[in-house]
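# Examining the three-dimensional arrangement
Listed below are the residues making up each chain.
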Amino acid sequence: MARRPEKEEAVALPWPAPRLNPRLIGHAGAEATLLAALTAGKLPHAWLIAGPRGIGKATLAHRFARFLLAGDPGGGLFGGPTSLETDMAAPAVHRVAAGGHADLRVVERSLGDRGRLRSEIVVEDVRGLGGFMRLTPAEGGWRVAIIDAADEMNRNAANAVLKILEEPPPRSVLLLVAHAPGRLLPTIRSRCRRLNLHALTEDAVVGLMADYMPGTAADESRALARLADGSIGRALELSRAGGLELYRAMVDLLAGLPSLDIAAAHAFADRVARRTEEGDSDYRTVAFLLDWWLTSLIRHGAAGGGHEALVAREAGLRERLLAAAGLDRWMQVWEKVAHLFARADAVNLDRKQVVLGSFLALQAVTR
């Protein structure tokens, strides 16, 4: 559910990786759809599991893979399975979780030459996938492949996967996890059965926060759940990155508009632009938070309200800023800020200047 680390060394996280997670919260309908197709003997050869990032799509894919590869899943009241739950201690299930099952292949972004995670899935990552899928299942059941996330494939990798979809092998299932399915080739989308997963409820995110980050105060969990828009993965990442503290500092700067505390803005930009041994999580977090706040401002204006203050100085701030400039101007500044951060990644701009430029753009629209 969480973004993989950009270094080769494993990073200990307080929540389980999708392949190790026995729990699936909030997606009983999607699970029932998979189970119904299987028990009816009409299992499609490929599924496109789509939805927002961090809500459990990969967890569902691995859960289904464990179920398919577990052998006899056991019976329900009338002799058939009633859920995709499996015994995590069963030998076949244990091999799936450990990444050692002969009939499962998981495709993810790989490490590049410098030991950093690539920004996309390349053709080398999917090489041999077709041959794997065409082999007779080693343990007599299914061959399963998971691509996480399929919308991260570059053109060559996508074309290689398309060839598999055009001539799907028997007794094989391809599970494509996608955060933004619109980025996939239309020919790939058309050859998959789509399974849409929706954002989790706020209460579900808060409940999972209590399980995975039990030291988090209840009000902070609630605020993180709202910032995460129903994504437990994003809520956990925000918590781990000090997202609420950064959000408070960001709102403190916004609360001064149309006056901008230049010294405070420089200090904030210095802090979040600084790279550390852990990476650039502050910068990435602020990029997300700025985008989230501007989006919430626009939605607040369009709907005539609806966003509560998450921190003290935020009360009444959206109304005041919306009175200073119309929605069309806020749409323009939102696009400008998004373009600044996107261009910074594309051409390696000075990150401090990107953060400062964003706040100056916000100041300009309120004058």
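Along each chain, residues carry numbers from 1 onward, in the same order as the chain's sequence is written. At least 70 in pLDDT is required for a residue's local features to be given in this predicted model, at least 80 for side-chain atom pairs to be given and counted, and no such filter applies to totals for whole chains, interfaces and linings, which use all residues. Think of the side-chain values as coming from all heavy atoms in the structure, minus any hydrogens and water.

### Comments concerning the layout of surface pockets
Which parts of space are left empty comes out when a probe the size of a water molecule is rolled across the atoms. Here a cavity denotes a set of grid points, spaced 1 Å apart and computed over the protein atoms alone, in which a 1.4 Å probe fits but from which it cannot get out, and a pocket denotes an open set meeting protein on both sides within 12 Å along at least five of seven lines; residues with an atom within 4 Å of a point are reported as lining. Grid points are joined across faces, edges and corners, and a volume is the space filled by probe spheres set on the points. Space inside the second largest pocket adds up to approximately 160 Å³. As for the second largest pocket, its lining consists of Glu 202, Arg 226, Asp 229, Trp 292, Gly 306, His 307, Glu 308, Leu 310 and Arg 318. Partitioned by chemical class, the residues of the lining of the second largest pocket number two nonpolar, two polar and five charged. As a working rule, the residues Ala, Val, Leu, Ile, Met, Phe, Trp, Tyr, Cys and Pro are called nonpolar, Asp, Glu, Lys and Arg charged, and the rest polar, with Gly in that last group.

### Section: the packing of helix 8 (residues 202-212) against helix 10 (residues 232-240)
The angle between two axes is taken between their N-to-C directions and runs from 0 to 180 degrees, where each axis is a line fitted to C-alpha atoms and a helix contributes only its stretch in contact. Per the convention used, a helix needs a DSSP run of H or I reaching at least four residues, while a strand needs a run of E reaching at least two, with both numbered from the N terminus. Closest axis-to-axis distance for the helix 8/helix 10 pair is 10 Å, and the angle between their directions is 50°. Comparing their axes, helix 10 and helix 8 come out oblique. Note that helix 8 runs across helix 10; the crossing there is right-handed. Only Ile 232, Ala 235, Leu 236 and Ser 239 of helix 10 make contact with helix 8, whose side of the interface consists of Val 205, Leu 208, Met 209 and Tyr 212. Class assignment of the residues belonging to the contact of helix 8 with helix 10 gives a composition of seven nonpolar, one polar and no charged. What sets the label is the angle itself: under 35 degrees gives roughly parallel, over 145 gives roughly antiparallel, 65 to 115 gives roughly perpendicular, and the rest give oblique. Two helices crossing with the near one rotated counterclockwise from the far one by less than a right angle form a left-handed crossing, whereas a clockwise rotation gives a right-handed crossing. Any two residues whose heavy atoms approach within 4.5 Å are treated as being in contact.

### What about the nonpolar core?
Most often, soluble globular proteins keep nonpolar side chains buried together rather than apart. Membership of the largest hydrophobic core comes to 58 residues, with the highest contact counts inside it found for Tyr 247, Met 250, Phe 268, Trp 293, Trp 330, Phe 359 and Leu 362. With ten residues, helix 13 (residues 281-303) is the single largest residue contributor to this core. Beyond its immediate stretch of four places on either side in the chain, Leu 362 contacts Leu 254, Leu 257, Leu 290, Leu 294, Trp 330 and Val 333. Put simply, a nonpolar core is a bunch of buried Ala, Val, Leu, Ile, Met, Phe, Trp, Tyr and Cys residues held in one set by side-chain atoms that sit within 4.5 Å of each other. Burial classification: accessible surface area is computed with a 1.4 Å probe over protein chains only, and a residue below 20% of its type maximum counts as buried, one above 50% as exposed, and the rest as partly exposed. Counting residues in each nonpolar core, the second largest holds 28 residues, with Ala 37, Ala 65, Leu 69 and Val 173 among its members.

### Quick look at helix 13
A helix's residues, less one, multiplied by 1.5 Å, set its expected span. Compared with the 33 Å implied by 1.5 Å per residue over 23 residues, the 32 Å span of helix 13 between its first and last C-alpha is a close match. In the stretch just after helix 13, Gly 304 is the one whose phi turns positive, near 75°.

### Overview of the pattern of salt bridges
The working definition used for a salt bridge is a side-chain nitrogen of Lys or Arg within 4 Å of a carboxyl oxygen of Asp or Glu. All told, the structure shown has 14 salt bridges when counted by the stated rule. Measuring nitrogen to oxygen at the nearest pair gives 2.9 Å for the salt bridge that ties Arg 23 to Asp 211. With Arg 23 in the segment before helix 1 (28-39) and Asp 211 in helix 8, this pair connects stretches of sequence that are 188 residues apart. A relative accessible area of 42% means that Asp 211 is categorised as partly exposed.

### Observations concerning the environment of Asp 103
By the element assignment, Asp 103 lies in the loop between helix 3 (91-97) and strand 2 (104-107). The spatial distance from the C-alpha of Asp 103 to the C-alpha of Leu 135 is 9.0 Å, given a sequence separation of 32 residues. For Asp 103, the residues in contact, after removing those within four places along its chain, are Leu 69, Phe 132, Pro 137, Ala 138, Glu 139, Trp 142, Arg 143 and Val 144. Reaching out from Asp 103, the side chain makes a polar contact with the backbone nitrogen of Ala 138 at a distance of 2.7 Å. Within the local environment of Asp 103, its side chain forms a polar contact with the backbone nitrogen of Glu 139, the two atoms lying 3.1 Å apart. Think of a polar contact as two N or O atoms within 3.5 Å of one another; within protein, one of them needs to be a possible hydrogen donor and the other a possible acceptor, and neighboring residues in sequence only count if both atoms come from side chains.

### Looking at the sheet that holds strand 5 (residues 193-196)
Here, any two strands with at least 2 DSSP bridges between them count as paired. The strand order across the open sheet formed by five strands is 2-3-4-1-5, and the pairing between neighbours is parallel. Each end of this open sheet is capped by a strand with a single partner; those strands are strand 2 and strand 5. This sheet shows a mean twist of 15° between the axes of neighbouring strands, independent of strand direction. Summarising the sheet, strand 2 and strand 3 (residues 143-148) pair through four bridges and their orientation is parallel.

### Some words on helix 1
The end-to-end C-alpha separation of helix 1 is 16 Å, in line with the 16 Å expected for twelve residues at 1.5 Å each. Those residues of helix 1 that sit buried are Ala 30, Glu 31, Leu 34, Leu 35, Ala 37 and Leu 38. For helix 1, the angular spread of the buried residues around the axis is 160°, confining them to a single face. For helix 1, the exposed residues lying more than 90 degrees away from the buried face are Ala 28 and Gly 29. As for helix 1, its buried residues are in contact with strand 1 (46-50), helix 2 (57-69) and strand 5. Directly beyond the C-terminal end of helix 1, a positive phi value near 75° is found at Gly 41. Taken from the helix axis, the directions to the C-beta atoms give the arc we talk about.

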